[in-house]
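# Analysis of the macromolecular model
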Amino acid sequence: MASWRLSENSMNLIDGNKVAAEIKQEIAEEVKQIIDNGGKQPHLAAILVGHDGGSETYVAYKIKDCEAVGFKSSLIRYEDDVTEEELLAKVEELNNDDDLDGFIVQLPLPKHISEQKVIEAIDPKKDVDGFHPINVGRMVIGLPSFVSATPYGIVELLKRYNIETSGKNCVVLGRSNIVGRPMSVLMSQKAINATVTVAHSRTANLKEVCANADILIVAMGVPEFVTADMVKEGAVVIDVGTTRVKSDKTKSGWKLKGDVLYDEVAPKCSYITPVPGGVGPMTRTSLLLNTLLSAKKEIYK
Ligand code: GUN
């Protein structure tokens, strides 16, 4: 029975690294064209507060990605003891910097600084993270907006793999402002047409809810939370989890774990994203796409 199942089921790996490389190539070509036509080099800035290991890594990747596609990038650093006032003054300065197409303030921020206040101080026209309530609101009602990088990247993956979404049952596991919530809205929009359930830690009968999903998008932040009994045969599974766990098998001493118990779940899926190499590279690429959209004035004309 098991071997019959395995041969019946053709699981396809969704290769985020490959798609991200293709998109970066496309962006690089567009940047070259813009510059060849006498336009301005797109410019992204990042503000990094403190020395959190994860934030350092993410911001370093963002700067490296800018170089790879021909964007100008700027890194503005503060120590942990920067005041909220100083940070807000820098945000205001960047809002008014005409050379800058977009900027991000890397989160989390130290506890004495209100993240929400900082996010709301960013000019929505430069909010390439898509975190400002104006961008979130515009996205919800289907207006052009900067969309948060991870959901944007997942939509792009589904499109580029020609995965059928119309009329499908989509379960989004997690309701964060950055991933679960915007993901659920995008999946219900007319271009995608899925029927969406947002499940979370208080959802009753979670296993049954997940097992009913044609498309299961997992963004809980709990390593290996989704097991085979929670997944329907032939489902599309998108794993957003990237928890760092200690490992004696890697040089760095840690490895990334997804929210899906991959080895057990993958054989049941029609498509699945691995961790690493699935959603992560697409999240990075989406920030570049948003910056390019901003440089081309395609969101706010
Ligand atoms: N921290 C974790 N993810 C993100 C992100 O996408 N943007 C910012 N600004 N901070 C983050």
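Below is a short write-up of the structure. Values in this document were obtained by computation on a predicted structure and should not be read as measured data.

A contiguous patch of negative charge on the surface is contributed by D52, E79, D80, D81, E85 and E86. Its location among the elements puts E86 in helix α4 (residues 84-95).

Around the ligand lies a shell formed by K62, V105, Q106, L107, D129 and F131. Here a nitrogen atom of the ligand and a side-chain polar atom of Q106 are 3.2 Å apart. One of the side-chain nitrogen or oxygen atoms of D129 is found 2.6 Å away from a nitrogen atom of the ligand. Notes on the ligand: free accessible area 280 Å², of which the protein chains cover 78%. Its residues assigned to classes, the shell around the ligand comprises 3 nonpolar, 1 polar and 2 charged.

Let's shift gears to the packing of helix α3 (residues 53-69) against helix α11 (residues 279-295). Axis separation between α3 and α11 bottoms out at 10 Å; the angle between their running directions is 60 degrees. The orientation of α3 with respect to α11, classified from their angle, is oblique. In the crossing of α3 with α11, the sense of the turn from one axis to the other is right-handed. Together, Y61, K62, D65, C66 and V69 of α3 and R284, L287 and L288 of α11 make up the contact between the two elements.

Relative to strand β3 (residues 72-78), strand β2 (residues 43-49) runs parallel, the two being bridged by 7 bridges. Of the residues in β3, the one forming a bridge with L44 is S73. For the segment spanning β2, α3 and β3, crossover handedness is right-handed.

Here we take up the side chain of N290. Along the polypeptide, N290 turns up in helix α11. Sequence-distant contacts of N290, that is, excluding residues within four places in its chain, are made with V128, F146, V147 and Y152.

Here 6 strands make up an open sheet; going across it, the order is β1-β11-β8-β7-β5-β6 and the pairing parallel. Because the sheet does not close on itself, it has two edges, and the strands there are β1 (12-13) and β6 (195-199).

Bringing the pattern of salt bridges into the picture now. Inspection of the entire model under this criterion finds 16 salt bridges. Here R160 makes a salt bridge to E156, at a shortest N to O gap of 3.1 Å. Here the residue R160 and the residue E156 both occupy positions in helix α7 (residues 149-160), the gap between them amounting to 4 residues, near one helical turn. Given a relative accessible area of 32%, R160 falls into the partly exposed group. For E156, a relative accessible area of 12% gives the class buried.

Turning our attention to the sheet that holds β3. The 3 strands are arranged β3-β2-β4 in an open sheet whose pairing can be described as parallel. Strands at the two margins of the open sheet, each flanked by one partner only, are β3 and β4 (102-105). Taking the axes of each pair of neighbouring strands and ignoring which way they run, one obtains an average angle of 15 degrees across the sheet.

Rules behind the numbers
- Residues numbered from 1 in each chain as written.
- Predicted model: local features only at pLDDT ≥ 70, side-chain atom pairs only at ≥ 80, totals over all residues.
- Heavy atoms only, no water.
- Patch = residues over 30% accessible without salt bridge, like charges linked within 9 Å, V, L, I, M, F, W, Y side chains within 5 Å.
- Areas by Shrake-Rupley, 256 points an atom, 1.4 Å probe, with all protein chains shown as cover.
- Salt bridge = Lys/Arg side-chain N within 4 Å of Asp/Glu carboxyl O.
- Lys, Arg positive; Asp, Glu negative; His and termini not counted.
- Charge placed at Lys NZ, Arg CZ, Asp CG, Glu CD.
- Helix = DSSP H or I, 4+ residues; strand = E, 2+ residues; numbered from the N terminus.
- Near = heavy atom within 4 Å.
- Polar contact = N/O pair within 3.5 Å; in protein donor to acceptor, adjacent residues only side chain to side chain.
- Nonpolar A, V, L, I, M, F, W, Y, C, P; charged D, E, K, R; others polar.
- Axes fitted to C-alpha atoms, helices over the stretch in contact; angles between N-to-C directions.
- Parallel < 35°, antiparallel > 145°, perpendicular 65-115°, else oblique.
- Left-handed = near helix turned anticlockwise from the far one by under 90°.
- Contact = heavy atoms within 4.5 Å.
- Pairing = 2+ DSSP bridges.
- Right-handed = clockwise from strand over helix to strand, strands pointing away.
- Buried < 20%, exposed > 50% of the residue type's maximum accessible area, 1.4 Å probe, protein only.

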